[in-house]
Amino acid sequence: MVKGPGLYTDIGKRARDLLYRDHQADHKFTITTYSPTGVAITSCGTKKGEVFLADVNTQLKRNNITTDIKVDTNSNLATTIVIDEPAPGLKAILSFKVPDQRSGKLELQYLHDYAGICTSIGLTANPIVNFSGVMGNNVTAIGTDVSFDTKTGNFTKYNAGISFSNADLIAALTLNDKGDSLNASYYHTVNPLTNTAVGAEVNHVFSTNENTITVGTQHALDPLTTVKARINNYGKANALIQHEWRPKSLFTISGEFDTKAVDKSPKFGLALVLKP
């Protein structure tokens, strides 16, 4: 794929990943194995409270086509077929679930040096059509994200965003929820050698006049071990430590503590990812 402004989902992504990625309160175990023919089989189990959920995903890659088939404990079958670059800069994604007859969706992504476009349509008689587009370059980008329900004739989503990036700083501003919320985010690389970075996010909801402020940081203790922490203005503090004990195999311990309710027990999450 060519370099450029990316897709609309890339606006503010670095700050979101810093603040929220890998933080969890569940117990999760994931193991991936490969068959002699190159088929990847991934088994995942997650314990959410007293409920245990599991799924098995099979991935087959051939030339520029990747097929994923996932079966979960609720007997749902999800299939995703990705065709990478049938034409320069283009990606096609077909997805559907069984037995959900309204889940079928066709998505097209196109990346250019000065634009990024993503459009999708549901494979139903009265589909929901989504379009997102970004214009700019790898420094400045402005875009919009719109969804239209052909059954009701209404727009179900219309968002807009702008981002600015340089070597060590990324700032983004998005208007979401049909103009009801304004989100500003900031990501700054402090030391690339230790992967030290800080980030912040401010979200304002106009209908309730509510503000949510979240700040966080990350730091690599060594090339294989990373720590992350965040806290918001409601007193919720989260922290994690992640260790890559072998290539692509990660062990993560995360915790959440409410500083304004010290009588409550903190929540802890564990995640283990094993790959050969």
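See the structure printed just above.
Asks: Even after reading the chapter, I still don't get the overall build of the chain, so can you show me in this structure?
Replies: The helix and strand tally for the chain stands at one helix and 19 strands. In terms of overall dimensions, the chain is globule-like: its C-alpha atoms have a radius of gyration of 21 Å, near the 19 Å expected for 276 residues. If one aligns the C-alpha atoms of the chain with their principal axes, the spans along those axes are about 55 × 50 × 40 Å. Sorting the 276 residues of the chain into buried and exposed places 33% on the buried side. Long-range pairs, those at least 24 residues apart, make up 27% of the contacts in the chain with a sequence separation of at least 6.

Asks: Would you explain the side chain of D68 in this entry?
Replies: Here D68 shows up in strand β4 (residues 65-72). No salt bridge is formed by the buried D68, whose closest oppositely charged neighbour, K61, lies at an N-O distance of 8.0 Å. Looking at D68, its side chain comes within polar contact range of the side chain of N57, at 3.2 Å. Leaving out residues up to four positions away in the same chain, D68 has contacts with N57, T58, Q59, A78, T79 and T80.

The rules behind these values
- In every chain, residue numbers begin from 1 and rise along the written sequence.
- Owing to the predicted nature of the model, reporting of local features is limited to residues with pLDDT of at least 70; listing and counting of side-chain atom pairs is limited to 80 or more, with chain, interface and lining totals taken over all residues.
- Side-chain metrics rest on all non-hydrogen atoms present in the structure, leaving aside hydrogens and water.
- Strands here mean DSSP runs of E at least two residues long; helices mean DSSP runs of H or I at least four residues long; both are numbered from the N terminus.
- In this setup the radius of gyration rests on C-alpha atoms only. A globule is expected at 2.2 Å times the number of residues raised to 0.38.
- We call a residue buried when its accessible area falls under 20% of the maximum for its residue type, exposed when it is over 50%, and partly exposed in between, using a 1.4 Å probe and counting protein chains only.
- Residue contacts follow a heavy-atom distance rule, with two residues in contact if any of their heavy atoms lie within 4.5 Å.
- Neither His nor the chain ends contribute to the count of charged residues, in which Lys and Arg are positive and Asp and Glu negative.
- Note on definitions: salt bridges are taken to be side-chain nitrogens of Lys or Arg within 4 Å of carboxyl oxygens of Asp or Glu.
- For the purposes of these results, a polar contact is taken to be a pair of N or O atoms within 3.5 Å, where, inside protein, one atom must be able to donate a hydrogen and its partner to accept one; residues adjacent in sequence count only when each atom of the pair is a side-chain atom.

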